[in-house]
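Chain by chain, the residues:
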Amino acid sequence: MLWDDFLNSDYHDWRGGGRSEDRLDRPGWLLKLLSQYQIAADRPPNLDELAELKRLRSLMLAIVHELVQGREPSSDAVASLNATLSQGAVIRKLAAEDGRFTLRQTPAASGWQQIMAEIAATFAEMLVHNEPSRVRICDNPDCLWVYYDETRNRSKRYCDDKMCGNVMKVRRFRARRKAEASAPPGEK
Ligand SMILES: [Zn+2]
């Protein structure tokens, strides 16, 4: 989904070591991501637009932090998201194909204001049509990847069990072994 791909542009190395990279600063990264969602940008964002994109990302991330703690986002946060949404208009078009109707929405304008509204809209649509209580932040403190938990019993704690899940298992094992090794004799 575009909203979580966009949030995860602020990359942290899940293996630890503290390496991080803001992929919005990498030329072309966002354009490529947007093209995967059929959103075309005719040029990269300028510095002001890049700062606005980062503000939008911080806002969405702040809302995600509220959601993962079971809280509703503040009315200020919702108002800020609405401000971004209002920067983009859509054109609706009804089509009849193969015996069924579809209603397509296409952006009314191009440009970064419109694109930011589109990104915010995918987030807003998730809040409306999906289950906000399934939004997660990876439990690996080095990773913090944002994802949507689609497991039936809502039990997904890591962005990827083979990667972060495994790293955390190894860390717990090592911590336990270290604690056992430092315990006084007789208490093992
Ligand atoms: Zn992770």
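Only a predicted model underlies this, so the values are computations on that prediction, with no experimental measurement involved.

The rules behind each value
- All residue numbers refer to position in the chain's written sequence, counted from 1.
- At least 70 in pLDDT is required for a residue's local features to be given in this predicted model, at least 80 for side-chain atom pairs to be given and counted, and no such filter applies to totals for whole chains, interfaces and linings, which use all residues.
- Working from all heavy atoms in the structure, the side-chain values ignore hydrogens and water.
- Listed donors are limited to N, O and S atoms within 2.8 Å of the metal, widened to 3.2 Å for Na, K and Ca; water is not among them, so incomplete-looking sites are possible.
- Geometry is assigned from donor-metal-donor angles: four donors are tetrahedral when every angle falls between 85 and 135 degrees, four are square planar and six octahedral when opposite donors sit over 155 degrees apart with all other angles between 65 and 115, and any other arrangement is irregular.
- Labels follow the DSSP assignment, with helices taken as runs of H or I lasting at least four residues and strands as runs of E lasting at least two, numbered in each case from the N terminus.
- When a residue's accessible area, from a 1.4 Å probe over protein chains only, is under 20% of the maximum for its type it is buried; when over 50% it is exposed; and in between it is partly exposed.
- By definition in these notes, contact holds between two residues if any of their heavy atoms fall within 4.5 Å.
- Within this document, salt bridges are pairs made up of a side-chain nitrogen of Lys or Arg and a carboxyl oxygen of Asp or Glu, the two lying within 4 Å of each other.
- UniProt positions are given in the numbering used here, feature names are shortened, and annotations may be inferred rather than shown by experiment.
- An axis is simply a line fitted to the C-alpha atoms; with a helix, the fit covers only the stretch in contact. Between two such axes, the angle follows the N-to-C directions and lies from 0 to 180 degrees.
- Note on angle classes: values under 35 degrees are labelled roughly parallel, values over 145 roughly antiparallel, values of 65 to 115 roughly perpendicular, and the remainder oblique.
- Amino acids are sorted into nonpolar (Ala, Val, Leu, Ile, Met, Phe, Trp, Tyr, Cys and Pro), charged (Asp, Glu, Lys and Arg) and polar (every other residue, Gly among them).
- We define the nonpolar core as a collection of buried residues of types Ala, Val, Leu, Ile, Met, Phe, Trp, Tyr and Cys that are connected through side-chain atoms lying within 4.5 Å of one another.
- Both site types are read off a 1 Å grid over the protein atoms alone. A 1.4 Å probe that fits but cannot get out defines a cavity, while an open set with protein on both sides within 12 Å along at least five of seven lines defines a pocket; lining residues have an atom within 4 Å of a point.
- Grid points are joined across faces, edges and corners, and a volume is the space filled by probe spheres set on the points.
- Between rings of Phe, Tyr and Trp, where Trp is taken as its six-membered ring, a pair exists when centres lie within 6.5 Å; planes separated by under 30 degrees are stacked, by over 60 edge-to-face, and by other angles tilted.
- Cation placement over rings: the criterion is NZ of Lys or CZ of Arg within 6 Å of the ring centroid and within 35° of the ring normal.

### Here we look at the coordination of the zinc ion
No. 1: With distances of 2.3 to 2.4 Å, the protein atoms coordinating the zinc ion are Cys-138 (SG), Cys-143 (SG), Cys-159 (SG) and Cys-164 (SG).
No. 2: Around the zinc ion, the four donor atoms sit at angles spanning 105 to 117°, and that spread fits a shape best called tetrahedral.
No. 3: For the zinc ion, the single-chain donor residues occur in sequence as C-x4-C-x15-C-x4-C. Remark: Cys-159 occurs in the loop between β6 (146–148) and α6 (161–182) and Cys-138 occurs in the loop between β5 (135–137) and β6; sequence separation between them is 21 residues.
No. 4: Take Cys-159: its relative accessible area is 21%, and that puts it in the partly exposed class.

### Describing the side chain of Thr-102
No. 1: With respect to the element layout, Thr-102 can be found in strand β4 (residues 100–107).
No. 2: In this structure Thr-102 touches Lys-93, Leu-94 and Ala-95, once residues within four positions along its chain are discounted.

### Here's the deal with the pattern of salt bridges
Close approach of charged atoms lets side chains of opposite charge pair.
No. 1: If you walk through the whole model with that rule in mind, you get 14 salt bridges.
No. 2: Linking Asp-25 and Lys-54 is a salt bridge whose minimum nitrogen-to-oxygen distance equals 2.7 Å. Residue Asp-25 is located in the loop between β2 (20–22) and α2 (29–36), and its partner Lys-54 is located in helix α3 (residues 47–68); the two are separated by 29 residues in the primary sequence.
No. 3: Residue classification places Asp-25 among the partly exposed residues on the basis of a relative accessible area of 44%.
No. 4: Residues Glu-49 and Arg-43 are paired through a salt bridge, measuring 2.9 Å at the closest nitrogen-oxygen approach.

### A look at the UniProt feature "domain: Zinc finger CGNR" (unreviewed entry) in the protein chain
No. 1: Per the UniProt annotation, the sites labelled "domain: Zinc finger CGNR" (unreviewed entry) are residues 134–177.
No. 2: Helix makes up 39% of residues 134–177 and strand 14%, with an end-to-end C-alpha separation of 34 Å.

### Some details on the packing of α3 against helix α5 (residues 112–129)
No. 1: Contact geometry for α3 and α5: axes closest at 10 Å, N-to-C directions at 10°. Between α3 and α5, the angle falls in the class roughly parallel. Here Glu-49, Glu-52, Leu-53, Leu-56, Met-60, Ile-63, Val-64 and Leu-67 of α3 come into contact with α5, specifically with Trp-112, Gln-113, Met-116, Ile-119, Ala-120, Phe-123 and Leu-127.
No. 2: For the contact of α3 with α5, the residue count by class is 12 nonpolar, one polar and two charged.

### Considerations on the nonpolar core
No. 1: Membership of the largest hydrophobic core comes to 31 residues, with the highest contact counts inside it found for Trp-3, Leu-30, Met-60 and Ile-119.
No. 2: Elements that contribute at least two residues to this core include exactly α1 (2–7), α2, α3, α4 (75–85), α5, β5 and β6.
No. 3: In terms of residue count, the dominant contributor to this core is α3 (eight residues).
No. 4: The residues contacting Leu-30, other than those within four sequence positions of it, are Phe-6, Leu-24, Leu-53 and Trp-112.
No. 5: Counting residues in hydrophobic clusters, the runner-up holds nine residues, among them Tyr-11, Trp-14, Tyr-147 and Tyr-158.

### Examining the layout of surface pockets
No. 1: Within this model, the largest pocket holds a volume of roughly 380 Å³.
No. 2: Residue lining of the largest pocket: 17 residues in total, with Val-90, Gln-105, Glu-118, Ala-121 and Glu-125 positioned closest to the centre.
No. 3: For the lining of the largest pocket, the secondary-structure elements that each account for two or more residues are β4 and α5.
No. 4: No other element matches α5, which puts eight residues into the lining of the largest pocket.
No. 5: For the lining of the largest pocket, the per-class residue count stands at 10 nonpolar, five polar and two charged.
No. 6: Estimated volume of the second largest pocket: approximately 160 Å³.
No. 7: In this structure, the second largest pocket is lined by 13 residues; those nearest its centre are Leu-24, Arg-26, Pro-27, Pro-44 and Pro-45.
No. 8: Take the lining of the second largest pocket: its biggest share by element is three residues, from α2.

### Brief notes about the packing of aromatic side chains
No. 1: Under the definition given, this model contains one aromatic pair.
No. 2: Here the aromatic rings of Trp-3 and Phe-123 are separated by 5.6 Å at their centres, their planes lie at 50°, and the arrangement is tilted. Here Phe-123 lies in helix α5 and Trp-3 lies in helix α1, a separation of 120 residues in the sequence.
No. 3: With relative accessibility at 0%, the residue Phe-123 sits in the buried group.
No. 4: The residue whose ring lies beneath Arg-23 is Tyr-11, and the NZ or CZ to ring-centre distance is 4.2 Å.
No. 5: Above the plane of the ring of Tyr-147 lies Lys-156, whose end atom (NZ or CZ) is 5.3 Å from the centre.

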